[in-house]
Structures are given as structure tokens and as C-alpha cells.
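Geometric and topological summary
Here is what each chain is made of, one letter per residue.
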Amino acid sequence: MTSEFAQPTLRLTESQYATIIGNCYDGLPNEACGLLVGPLGGNAEPTGAVSEARPCRNVDASAVTYTVDPRDMLGAMRAAEARGDEIIGVWHSHTHTDAYPSPTDVRQAVDPAWLYVIVSLRDQAPVLRAYRIRGEGIAEVAVELDRG
Ligand SMILES: [Zn+2]
């Protein structure tokens, strides 16, 4: 169900997009993950802009699950704070399935403000999609690549 929580549009620079996709391929055969840092708007929700895409270690070292290394989480929190930004989301790869949240992804999606980016490496070309997840609700958000 698409609803009003499917905002904002996630805006990635080409460089951030390349960082995310590269991190996902580097993680093979396991799932890879990383954190998105960016500003919040006046409503305390992410604006969709990303100031930094930070690759993180997947401490699960698994092809089917991921857990962001807590040290990387702490590093990202500090980097965000230094910018006056927040962690606004997380990406991870799906090595053999669609770029759509798995039941585990939905269960683990604890922050309703975050953008959940999933990169599918199943096909020859990577597929990157982004979602909000609230409770059992999944809403896809648009992704724009900034070529500027
Ligand atoms: Zn997943």
C-alpha cells in the first residue's frame, strides 16, 4: 500500500550511487550494508538529500542477513553530528532476490523515519530501490540521481 509516508524522494549524487553499488559488489558473496547521512527537514523527517554514503561492515557476514557493525554505526553517528546531520537510512544488498524488503527486513526496520535502500544484484545490472517501512507497511519512495 502506498501512502503519505512514502516521502521524501531519495536524492543521490552519481558518486554516492557508485559508492553504494560498489560496496554491494565488494560484499559478495555476502550481503553488504552501509549508512546514509543527511539533513532533516523542519518536520524532523529526512529531506531526501544525502551528505554522505558510508559503507559499513556486515557483522553477520551472511548471504541472507545483515547487521551494521555497531562501531560503524557509532562512526556514522559522530560524522553526522559533526555535520549537523543525522543518519537518515541504511542500504543493503540482496544477492539473489528482488530489491524489495524481506520479512526479516520489515521486522528489523525499527526507525520509521529512515529510508531503507535495497540493491538487488540478482540480474546483470544492479537494481536500487528505496522504501519507508512502518510497522508492517512498506512504501516505495522515488530515487533521483543527481548528475550535477
Ligand atoms: Zn534484505
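Described below are features of the structure shown in this document.

On the secondary structure map, alanine 99 appears in the loop between strand 4 (86-94) and helix 3 (103-108). Under the relative-accessibility criterion, alanine 99 is labelled buried at 6%. As for alanine 99 and valine 117, which are separated by 18 residues in sequence, their C-alpha atoms are 8.3 Å apart. Other than its neighbours up to four places away in sequence, alanine 99 contacts Ile118, Ser120, Val127, Arg129 and Tyr131.

Okay, the pairing of strand 4 next. Burial analysis of strand 4 places 8 of its 9 residues in the buried class, the great majority of the element. Of the pairings in the sheet, the one linking strand 2 (residues 33-38) to strand 4 comprises 6 bridges and is antiparallel in character. Counterpart to leucine 35 in the pairing with strand 4 is valine 90. Sheet analysis places strand 4 next to strand 5 (residues 115-120), joined by 6 bridges and oriented parallel. In the strand pairing of strand 5, histidine 92 is matched with isoleucine 118. Each parallel crossover has a hand, and the one from strand 4 via helix 3 to strand 5 is right-handed.

Residue placement: arginine 132 occurs in strand 6 (residues 127-134). Of the residues examined, arginine 132 reaches a relative accessible area of 1% and is grouped as buried. Engagement of the side chain of arginine 132 in a polar contact is seen with the backbone oxygen of proline 112, the distance being 3.5 Å.

So, on to the coordination of the zinc ion. At the metal site, the zinc ion is ligated by His92 (NE2), His94 (NE2), Asp105 (OD) and Asp105 (OD), and these contacts range over 2.0 to 2.6 Å. In this structure, the zinc ion is surrounded by 4 donor atoms whose angles at the metal cover 55 to 155 degrees, and the resulting shape is irregular. Read in sequence order, the donor residues coordinating the zinc ion give the pattern H-x1-H-x10-D. Taken as a pair, histidine 92 in strand 4 and aspartate 105 in helix 3 lie far apart in primary sequence, 13 residues in all. Across the pair, aspartate 105 and histidine 92 agree in class, each one buried.

For strand 5 and strand 6, the ladder comprises 5 bridges, and the chain directions are antiparallel. Bridged to valine 119 within strand 6 is leucine 128. Counting the residues in the hairpin turn of strand 5 and strand 6 gives 6 residues. Bridge count for strand 6 against strand 7 (residues 137-141) is 5 bridges, and the pairing is antiparallel.

Ordered in space as 3-2-4-5-6-7, the 6 strands form an open sheet in which the pairing is mixed. With one partner strand each, in any of the chains shown, strand 3 (52-56) and strand 7 form the two edges of the open sheet. Strand-to-strand twist across the sheet, computed as the mean angle between neighbouring axes with direction ignored, equals 30 degrees. Where helix 1 (residues 14-27) meets the sheet, it contacts strand 2, strand 3, strand 4, strand 5 and strand 6, and its direction lies at approximately 10 degrees from that of strand 3. With respect to the sheet, helix 2 (residues 70-83) is in contact with strand 2, strand 3 and strand 4, its orientation differing from that of strand 3 by roughly 165 degrees.

Thresholds, definitions, all that
- Residues numbered from 1 in each chain as written.
- Predicted model: local features only at pLDDT ≥ 70, side-chain atom pairs only at ≥ 80, totals over all residues.
- Heavy atoms only, no water.
- Helix = DSSP H or I, 4+ residues; strand = E, 2+ residues; numbered from the N terminus.
- Buried < 20%, exposed > 50% of the residue type's maximum accessible area, 1.4 Å probe, protein only.
- Contact = heavy atoms within 4.5 Å.
- Pairing = 2+ DSSP bridges.
- Right-handed = clockwise from strand over helix to strand, strands pointing away.
- Polar contact = N/O pair within 3.5 Å; in protein donor to acceptor, adjacent residues only side chain to side chain.
- Donors = N, O, S within 2.8 Å, 3.2 Å for Na, K, Ca; no water.
- Tetrahedral: all angles 85-135°; square planar, octahedral: opposite > 155°, others 65-115°.
- Axes fitted to C-alpha atoms, helices over the stretch in contact; angles between N-to-C directions.

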